[in-house]
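# Observations on the three-dimensional arrangement
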Amino acid sequence: MSFRNTTRSWGFLSKAFHWVIVLMILNQWIIAERAESLPKGPALIQALWWHKSFGITILVLAILRLLWRWMNPVPDLGAETRPWERVLAKISHVLLYALIFAMPLSGWMMSSARNFPVSWFGWIQLPDLVGRDPQLYELLKDLHGTLFAVLVSVAALHVAGALKHHFIDRNDVLRRMLPFGRVK
Amino acid sequence: MTNYSALLAATLLTCAAAAAASSAAVAEQKPAAKPAPQAAAAPTPESTARYTQAATGNSLGFAFMQADALNEGTFRQFSTELTYDEKNLAASTLKVTVQVGSLDTGDQERDDTLKTPELLDTAKYPTAQYLASSLAKGAGGKLEAVGKLTLRGVTRELRLPLTLKPTAAGLELTGETTIRRLDYEVGQGDWKSTEWVGNDIKLKYQVALTRAR
């Protein structure tokens, strides 16, 4: 496996970005669910500290990932892929990229709107993105939740597409993104 | 024999203590190299001016660390009274009364949490008060109020650094200090932990004082 992408397969760094972000999003989901059940107190503050710190990490990874994508060839879906499949794949990929930016940014804005500055793992305190605004906060909170629902839906479509490529079309599209997948 | 040596030791100790006290007194007087000793300046009503807090231009801010980020707020309602005699600091007084429930951190939920019994318990302790019966020059010649802060029912000695600047209407009092919330039992139960909500509370104050006539 090469570090960079080739026209046939994803390189090590692209795979790392993909899977680390997947795991971190699942982790964010778990922390958020746990936070919902906690009463106000240090335990909730701690849970949100992790959620915010990981969220900012996802944002940083998203920026690096997009830059890396522009600096590398993108493996093609293969000649047998039908036009409607290409369109669907393109839309879902654009959405997924947009969401890994929009989720952390809307979360960060939520904190700012409530006058709770965000710390990244205690290393740095981030600037506020918006001023204090309780109404904006309610809007952003709804947005954060809605975006997550969209993320889950698009990710489900993304997984379904990958499985179809693997089990029905029997091509390399899934295998070439797997951590130890080999391309024939 | 035992009695005698005990008496001797006690005498020596007393002498040493007296010597230390007198040298300390000399050391204290040295920086204030004024011709008029403090005892001579008896408080006279004419030289002591009374000041009250003006209607606007006042702020009492507080800040603390929560989850590694600085959380800030202010008390919207408080009142200040100062009697001040530049030449007789010992007879000057300061009284600040804070309506604790007027706190505002920019977030209703956080404000409500801070007012709960486990934190500031504003239902039981609606006011906090600072009472100083004298002012003094502290380390480095900086002006300080020498008094006691009562917060959440706990009273503790607190020296409050202040700067007084003359204004058209009277004086402007400014300064900042840091107190520890657990000293005043602000934080019961889980909130006793200082891991996610820091112990240090920074206070910053700016008060426009009008000279009373």
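Our structure is the block above this text.
The shown structure was predicted, so the numbers you read here are calculated from the model rather than taken from an experiment. (Residues numbered from 1 in each chain as written. Chains lettered and ligands numbered in written order. Predicted model: local features only at pLDDT ≥ 70, side-chain atom pairs only at ≥ 80, totals over all residues. Heavy atoms only, no water.)

Once that is clear, we can look at the packing of helix H1 (residues 12–37) of chain A against helix H2 (residues 42–70) of chain A. Residues and elements named next belong to chain A. It is at 9 Å that the axes of H1 and H2 come closest, and there the two elements cross at 160 degrees. In terms of orientation, H1 and H2 fall into the roughly antiparallel class. Two packed elements cross with a definite hand, and for H1 against H2 that hand is left-handed. (Axes fitted to C-alpha atoms, helices over the stretch in contact; angles between N-to-C directions. Helix = DSSP H or I, 4+ residues; strand = E, 2+ residues; numbered from the N terminus. Parallel < 35°, antiparallel > 145°, perpendicular 65-115°, else oblique. Left-handed = near helix turned anticlockwise from the far one by under 90°.)

All names here are of chain B. Taken together, the buried positions of helix H2 (residues 108–115) are occupied by Arg110, Asp111, Thr113 and Leu114. Projected down its long axis, H2 shows its buried positions confined to an angular sector of 160 degrees, all on one face. Of the surrounding secondary structure, the elements contacted by the buried residues of H2 are strand S3 (69–75) and strand S6 (103–104). (Buried < 20%, exposed > 50% of the residue type's maximum accessible area, 1.4 Å probe, protein only. Arc of directions from axis to C-beta. Contact = heavy atoms within 4.5 Å.)

Residues and elements named next belong to chain A. Between H2 and helix H3 (residues 83–113), whose axes approach to 9 Å, the crossing angle comes to 145 degrees. In terms of crossing hand, the pair formed by H2 and H3 is left-handed. Contacts between H2 and H3 involve Lys52, Gly55, Ile56, Ile58, Leu59, Ala62, Ile63, Arg65, Leu66 and Arg69 from the first element and Tyr97, Ile100, Phe101, Pro104, Leu105, Trp108 and Ser111 from the second. Its residues assigned to classes, the contact of H2 with H3 shows 12 nonpolar, 2 polar and 3 charged. (Nonpolar A, V, L, I, M, F, W, Y, C, P; charged D, E, K, R; others polar.)

Here Arg170 of chain A, not a glycine, exhibits a phi torsion of approximately 55 degrees, which is positive. In this fold, Arg170 of chain A is placed in the segment after helix H4 (134–168).

Further remarks concern the pattern of salt bridges. This structure, assessed with the given rule, holds 14 salt bridges over all chains. A salt bridge links Glu109 of chain B to Lys40 of chain A, with the shortest nitrogen-to-oxygen separation between them at 3.3 Å. Pair noted here: Glu109 of chain B is in helix H2 and Lys40 of chain A is in the loop between H1 and H2, and the two residues belong to different chains. The class for Glu109 of chain B is partly exposed, based on a relative accessible area of 40%. Looking at Lys40 of chain A, the relative accessible area reads 47%, which means it is partly exposed. Put simply, Arg175 of chain A and Asp172 of chain A hold a salt bridge, and the shortest N to O gap is 2.4 Å. Of the two residues, Arg175 of chain A and Asp172 of chain A, both sit in the buried class. (Salt bridge = Lys/Arg side-chain N within 4 Å of Asp/Glu carboxyl O.)

Moving on, we come to the packing of aromatic side chains. Each aromatic ring pair is summarised here by two numbers: the centre-to-centre distance and the angle between the ring planes. A full pass over the atoms with the stated rule returns 14 aromatic pairs over all chains. Considering the side-chain rings of Phe54 of chain A and Phe121 of chain A, the 5.7 Å spacing of their centres and the 80 degrees angle between planes classify their relative orientation as edge-to-face. A residue pair is termed long-range when its members are at least 10 positions apart, and Phe54 of chain A in helix H2 and Phe121 of chain A in the loop between strand S1 (119–120) and strand S2 (124–125) qualify at 67 residues. Exposure remark for Phe54 of chain A: the relative accessible area of 18% places this residue in the buried category. Taking relative accessible area as the criterion, Phe121 of chain A reaches 18% and is therefore assigned buried. Each ring, one from Phe62 of chain B and one from Phe64 of chain B, has its centre 6.4 Å from the other, and the planes form 5 degrees; the classification is stacked. On the basis of relative accessible area, Phe62 of chain B is assigned to the buried category, the value being 8%. Ring pairing ties together the aromatic residues Trp49, Trp50, Phe54, Trp120, Phe121 and Trp123 of chain A together with Trp196 of chain B, which thus form one cluster. The positively charged end of Arg114 of chain A is found above the aromatic ring belonging to Tyr137 of chain A, 5.1 Å away from the centroid. Its guanidinium or amino end placed over the ring of Phe116 of chain A, Arg110 of chain B lies 3.8 Å from that ring's centre, counting from NZ or CZ. (Phe/Tyr/Trp six-rings, centres within 6.5 Å; stacked < 30°, edge-to-face > 60°. Lys NZ or Arg CZ within 6 Å of the ring centre and 35° of its normal.)

What follows concerns the interface of chain B and chain A. Contacts between chain B and chain A engage 17 residues on the former and 15 residues on the latter. Buried area between chain B and chain A, both sides added, is near 1,500 Å², and the carbon and sulfur share of it is 59%. Linking chain B to chain A there are 3 salt bridges. The tally of links between chain B and chain A comes to 9 residue pairs in polar contact (both at pLDDT 80 or more). Considering only residue class, the side of chain B that touches chain A consists of 6 nonpolar, 5 polar and 6 charged. (Buried area = accessible area lost by both parts, 1.4 Å probe. Polar contact = N/O pair within 3.5 Å; in protein donor to acceptor, adjacent residues only side chain to side chain.)

The next subject is the environment of Met103 of chain A. All names here are of chain A. When you line up the elements, Met103 lands in helix H3. Between the alpha carbons of Met103 and Leu59 there is a distance of 8.4 Å; along the sequence they are 44 residues apart. The contacts of Met103, once residues within four sequence positions are left out, are His144, Leu147, Phe148 and Leu151.

All names here are of chain B. By the secondary structure assignment, Asn88 is in the loop between strand S4 (78–84) and strand S5 (93–99). For Asn88, a relative accessible area of 7% puts it in the buried group. Along the sequence, Asn88 and Ser47 sit 41 residues apart, while their C-alpha atoms lie 8.6 Å from each other.

Before going further, it helps to spend a moment on the side chain of Ser134 of chain B. Structurally, Ser134 of chain B is set in strand S7 (residues 127–137). With residues up to four places along the chain from it excluded, the contact list for Ser134 of chain B reads Leu89, Ala90, Ser92, Glu144, Ala145 and Val146 of chain B.

A few words now on the environment of Gly145 of chain A. With respect to the helices and strands, Gly145 of chain A occurs in helix H4. Spatially, the C-alpha atoms of Gly145 of chain A and Ser106 of chain A are 9.7 Å apart, while their sequence positions differ by 39 residues.

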